[in-house]
Amino acid sequence: WSTQHFLAQLPSTVKRIAVLDRCKEHGVGEPLYTDVCATMQPHAGVRIIGGRYGLASKDFTTGMAHAIFVNLAASKPKHPFTVGIVDDVTNLSLEY
């Protein structure tokens, strides 16, 4: 993970970031999400949400991407979230 390279790619106007991981980790959060949060810690004012995709070998579709952008733009985005499966246990799924 390169903090320097990550920050160099972000526009100065960024307000929200959605981090997608393909694995499910218990505890603090998924690996990429925790890296992004640690990197962005000094940059107050950027909202970071995390979610999972591709569980059960599902393909990632444009409809799923759209659902993530809609969630990210919401006044209270769902975090954490799952996209691609209907999660009837935790109810974290985004509809697409």
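This report concerns the structure included in the present document.

### Re the overall build of the protein
Right, so step 1: Per the secondary structure count, the protein includes 3 helices and 3 strands.
Right, so step 2: Shown N-terminal to C-terminal, the secondary structure of the protein runs as helices and strands in the order α-β-α-β-α-β.
Right, so step 3: The C-alpha radius of gyration of the protein comes to 14 Å, within 12% of the 12 Å expected for a compact globule of 96 residues.
Right, so step 4: Here the C-alpha coordinates of the protein stretch approximately 35 × 25 × 20 Å along the principal axes.
Right, so step 5: Looking at the protein as a whole, 34% of its 96 residues are labelled buried.
Right, so step 6: Within the protein, contacts between residues at least 6 apart in sequence are counted, and of these 59% link residues at least 24 apart.
Right, so step 7: Looking at the protein as shown, the accessible area adds up to about 6,300 Å², and 55% of this sits on carbon and sulfur atoms.
Right, so step 8: If you average the places of the 9 positive and of the 8 negative side-chain charges in the protein, the two averages end up 9 Å apart.

### A closer look at the pattern of salt bridges
Right, so step 1: By the definition in use, this model includes 1 salt bridge.
Right, so step 2: Linking Arg52 and Glu30 is a salt bridge whose minimum nitrogen-to-oxygen distance equals 2.8 Å. Taken together, the residues span a long stretch of sequence, with Arg52 in strand β2 (residues 47–53) and Glu30 in the loop between β1 (16–21) and α2 (31–40) at a distance of 22 residues.
Right, so step 3: Residue class for Arg52 comes out buried when judged on its relative accessible area of 8%.
Right, so step 4: Using a relative accessible area of 7% as the deciding quantity, one classes Glu30 as buried.

### Thoughts on the sheet that holds β2
Right, so step 1: A sheet is described by the order of its strands in space; here 3 strands give the open sequence β1-β2-β3, paired in parallel fashion. Pairing within the sheet leaves two strands with one partner each, and these edge strands are β1 and β3 (81–83). Pairs of neighbouring strands in the sheet enclose a mean axial angle of 35°, with direction left out of account.
Right, so step 2: Judged from the 6 bridges that link them, β1 and β2 form a sheet pairing that is parallel. Counterpart to Ala18 in the pairing with β2 is Ile49.
Right, so step 3: On top of the sheet, α2 reaches β1 and β2; it is set at about 150° to β1, its chief contact.
Right, so step 4: Contacting β1, β2 and β3, helix α3 (residues 62–73) runs over the sheet at an angle of about 140° to β1.

Each value, and the rule that gives it
Residues numbered from 1 in each chain as written. Predicted model: local features only at pLDDT ≥ 70, side-chain atom pairs only at ≥ 80, totals over all residues. Heavy atoms only, no water. Helix = DSSP H or I, 4+ residues; strand = E, 2+ residues; numbered from the N terminus. Rg over C-alpha atoms; globule rule 2.2 N^0.38 Å. Buried < 20%, exposed > 50% of the residue type's maximum accessible area, 1.4 Å probe, protein only. Contact = heavy atoms within 4.5 Å. Areas by Shrake-Rupley, 256 points an atom, 1.4 Å probe, with all protein chains shown as cover. Lys, Arg positive; Asp, Glu negative; His and termini not counted. Charge placed at Lys NZ, Arg CZ, Asp CG, Glu CD. Salt bridge = Lys/Arg side-chain N within 4 Å of Asp/Glu carboxyl O. Pairing = 2+ DSSP bridges. Axes fitted to C-alpha atoms, helices over the stretch in contact; angles between N-to-C directions.

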